[in-house]
Amino acid sequence: MSVSAQTGPSTRTGASTTGQRGGYAKGRATQQEIIRTAILVFADVGFHGASLRDIAARVGISHPGLLHHFPNKAALLEAVLEYRDAVDEQSFQEDIERGFDYFEALLHLVERNRLRRPLVELFAGLSTEATSPDHPAHEYFRRRYQRVLDEQSQLLRERAARGGLAPGVDPDQAARTVVALMDGLQVQWLLSLDRPAAERVDMAADLRGYLDLILR
């Protein structure tokens, strides 16, 4: 076999591999664009009001093209919720690694949410919709709230054991209040966005005010 014959198959294989990698990267980019678009649509009209055909059209792909990535609307919703969790978790863990405690990192998360209106709208709308047991995100939100409450209750109990809670503060009740306050402030903030900047709800400041009352 000549040299040129030997190098021929190798070159073709390399081109094929490069093409596969390029195709994979393009597919991932399309998935991310679908998810980002779905966030806006779900936040605007809710899960039940959203149409996969509309989302596909906004992305600039066909309906079958979208179904290639996400076979149904529930699968797309799951991907959207996973994306939101990943965004929050990465930033939260980075704060913890920088030496902030849990509640300081929580305040930073709330501050960052001012720059992520679509994600806040998405969460506020879906968490209300998902109270219905037949909603596809019902179990996600049920598990999420239970996990967050268990986590915060445990941290507050540990803090109380070190003398880090104000007298009379019940850790379980305080955890429920923190979660309820965060969710309620998000709704109030969204409703205040048409006001002058100085009159808008400051979610982080209000949450900090409550934490200052219970933490020592």
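What you see is a predicted model; the values in this text were computed from it and never measured.

Colleague: Pulling in residues and values, what's your account of the overall build of the chain?
Modeller: Check the secondary structure of the chain and you find nine helices and zero strands. Seen in sequence order, the chain has helices and strands lined up from the N terminus as α-α-α-α-α-α-α-α-α. A burial count over the chain gives 40% of its 216 residues as buried. Contacts in the chain between residues at least 24 apart in sequence constitute 64% of all its contacts with a sequence separation of at least 6.

Colleague: Go over the packing of helix α6 (residues 117–129) against helix α7 (residues 138–161) with me, naming the residues and quoting the values.
Modeller: As a packed pair, α6 and α7 sit with axes 9 Å apart at the nearest point and diverge in direction by 105°. Taken together, the axis directions place α6 and α7 in an arrangement best described as roughly perpendicular. Here Phe123, Leu126 and Ser127 of α6 lie close against α7, whose contacting residues are Phe141, Arg144 and Tyr145. Per-class residue counts for the contact of α6 with α7 are four nonpolar, one polar and one charged.

Colleague: Which residues make up empty space enclosed by the protein, and what are the values?
Modeller: To find leftover empty space, a probe the size of one water molecule is rolled over the atoms. Tallied over the full model, the rule gives two cavities of 30 Å³ or more. Taken as a whole, the largest cavity holds about 50 Å³ of empty space. Taken together, Val110, Asn113, Met182, Leu185, Gln186 and Met203 make up the lining of the largest cavity. When contributions to the lining of the largest cavity are tallied by element, the ones reaching two or more residues are α5 (102–113) and α8 (171–192). Looking at the lining of the largest cavity, the element that brings in the most residues is α8, giving three residues. When grouped by side-chain class, the residues that make up the lining of the largest cavity number four nonpolar, two polar and no charged.

Conventions we followed
- Residues numbered from 1 in each chain as written.
- Predicted model: local features only at pLDDT ≥ 70, side-chain atom pairs only at ≥ 80, totals over all residues.
- Heavy atoms only, no water.
- Helix = DSSP H or I, 4+ residues; strand = E, 2+ residues; numbered from the N terminus.
- Buried < 20%, exposed > 50% of the residue type's maximum accessible area, 1.4 Å probe, protein only.
- Contact = heavy atoms within 4.5 Å.
- Axes fitted to C-alpha atoms, helices over the stretch in contact; angles between N-to-C directions.
- Parallel < 35°, antiparallel > 145°, perpendicular 65-115°, else oblique.
- Nonpolar A, V, L, I, M, F, W, Y, C, P; charged D, E, K, R; others polar.
- 1 Å grid on protein atoms, 1.4 Å probe; cavity = no way out; pocket = protein on both sides within 12 Å on 5 of 7 lines; lining within 4 Å.
- Points joined across faces, edges and corners; volume = space filled by probe spheres on them.

Bear in mind that shape data such as this cannot, by itself, settle questions of function.
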